[in-house]
Amino acid sequence: LFQASALRLSGPGFAKPTIITGSDYRFIVAEQLSELGTDPGPIVIEPDARNTAPAVLAAALHLAATDPQALMLVAPSDHVVPDPAAFVAAVEAGVPAARAGQIVTFGIRPTRAETGYGWLELAGPAADGVAAPLSRFVEKPDAAKAQAMLLAGNFLWNAGIFLFTADTILRAFDAHAPELVADTKAAVAGAKADLGFLRLDPQPWANLPSISVDYAVMERASNLTVVPFGAGWSDL
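Criteria and thresholds
- Residues numbered from 1 in each chain as written.
- Predicted model: local features only at pLDDT ≥ 70, side-chain atom pairs only at ≥ 80, totals over all residues.
- Heavy atoms only, no water.
- Axes fitted to C-alpha atoms, helices over the stretch in contact; angles between N-to-C directions.
- Helix = DSSP H or I, 4+ residues; strand = E, 2+ residues; numbered from the N terminus.
- Parallel < 35°, antiparallel > 145°, perpendicular 65-115°, else oblique.
- Left-handed = near helix turned anticlockwise from the far one by under 90°.
- Contact = heavy atoms within 4.5 Å.
- Nonpolar A, V, L, I, M, F, W, Y, C, P; charged D, E, K, R; others polar.
- Pairing = 2+ DSSP bridges.
- Polar contact = N/O pair within 3.5 Å; in protein donor to acceptor, adjacent residues only side chain to side chain.
- Phe/Tyr/Trp six-rings, centres within 6.5 Å; stacked < 30°, edge-to-face > 60°.
- Buried < 20%, exposed > 50% of the residue type's maximum accessible area, 1.4 Å probe, protein only.
- Lys NZ or Arg CZ within 6 Å of the ring centre and 35° of its normal.

Student: Sorry if this is basic, but what is going on with the packing of helix 3 (residues 52-64) against helix 6 (residues 166-176) here?
Tutor: When two helices pack together, their arrangement is given by the angle between the helix axes and by the axis-to-axis distance. Orientation of helix 3 relative to helix 6, taken along the N-to-C sense of each, is 130°, at an axis distance of 9 Å. Relative to helix 6, the element helix 3 lies oblique. Judged by the sense of rotation from one axis to the other, the crossing of helix 3 with helix 6 is left-handed. Every residue of helix 6 that contacts helix 3 at Ala53, Val56, Leu57, Ala60, Leu61, Leu63 and Ala64 is listed here: Ala166, Ile169, Leu170 and Phe173. Partitioning the contact of helix 3 with helix 6 into residue classes produces 11 nonpolar, no polar and no charged.

Given below as structure tokens:
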């Protein structure tokens, strides 16, 4: 799954991937990419798992140090996407909105009343592969609420895949989760190279709470765009 993700996020238009992982997996990551012949960008080591918000923030700070307007595509490494070309097309459809300062997410057409995912409420009708306004993020629902959203037809599953410029997401953290910024900045500033890896400073990192980027930023932001994706997806 990790190798499939690396392949899906490579090719024309993609820079070398920045990988965020834990210390226990660092050599596996390097070996798996080597098997593919993929030359990665930095492999950033989290001293401890702190969920997705600090990880996304650390990656954005690292990218912004050289290019604040860098487009940043955030994707988990354990998803199955049977049609990579359709996925890349969906990403390309979100690029203009991301360059314009929007936080772009990718919503999966729901096939069941799933309670294990967060959901996305569309602001209006939206076609697959076309960027559209997003009304709000919805926390993981109970069964009745999930069934109601499925029947309503204007909700998507939140796949946890995002596209934005580094500057856009840094501004969002400053506005909505400022309590994460100082320690994450210190962890990135104090990062040390280690056998080809970039190890974040463990002391400030230890001060960070474990919080998802959905809770920290996405559920509070107003500059949201979604690209519906109906070409098949699973997080197993």
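Student: Please explain the sheet that holds strand 9 (residues 197-199) as it appears in this structure.
Tutor: Backbone hydrogen bonds hold the strands of a sheet together, and the pairing may be parallel or antiparallel. Spatially, 1-2-9-8 is the arrangement adopted by the four strands of the open sheet, whose pairing is mixed. With partners counted over all chains shown, the strands left at the sheet margins are strand 1 (19-22) and strand 8 (192-194), one partner each. Going from strand to strand, the sheet's axes swing by 35° on average, the running direction of each strand aside. Relative to strand 2 (residues 43-46), strand 1 is paired through four bridges, and the arrangement is parallel. Counted as the bridge partner of isoleucine 19 is isoleucine 43 from strand 2. Packed onto the sheet, helix 2 (residues 26-36) meets strand 1, strand 2 and strand 9 and runs at close to 140° relative to strand 1.

Student: Sorry, what's going on with the side chain of threonine 165 here?
Tutor: Note on placement: threonine 165 falls in strand 7 (residues 155-165). A distance of 2.8 Å separates the side chain of threonine 165 from the side chain of threonine 168, its partner in a polar contact. Excluding anything up to four places from it in sequence, threonine 165 contacts Pro68, Gln69, Ala70, Leu71, Ala98 and Arg99.

Student: Sorry, what's going on with the side chain of threonine 21 here?
Tutor: Inspection of the secondary structure assignment puts threonine 21 in strand 1. Not counting residues up to four positions away in its chain, the partners in contact with threonine 21 are Arg26, Val29, Ile43, Val44, Ile45 and Glu46.

Student: I would appreciate a short explanation of the packing of aromatic side chains in the present structure.
Tutor: Aromatic ring pairs are defined here through the distance separating the ring centres and the angle between the ring planes. Enumeration according to the criterion identifies eight aromatic pairs in this entry. Judged by centre distance (6.3 Å) and plane angle (45°), the rings of phenylalanine 87 and phenylalanine 106 are tilted. Residue phenylalanine 87 is located in helix 4 (residues 84-99), and its partner phenylalanine 106 is located in strand 4 (residues 103-108); the two are separated by 19 residues in the primary sequence. For the pair formed by phenylalanine 87 and phenylalanine 106, the shared burial category is buried. Between tryptophan 119 and tryptophan 157, the ring centres sit 6.4 Å apart and the planes meet at 90°, which makes this aromatic pair edge-to-face. Here tryptophan 119 is found in strand 5 (residues 119-122), whereas its partner tryptophan 157 is found in strand 7, with 38 residues between them in sequence. The pair formed by tryptophan 119 and tryptophan 157 is uniform in burial state, with each residue classed as buried. Within the aromatic cluster, the residues linked to one another by ring pairs are Tyr117, Trp119, Trp157 and Trp233. Sitting over the ring of phenylalanine 87, arginine 8 keeps its end group 5.7 Å from the ring centre.

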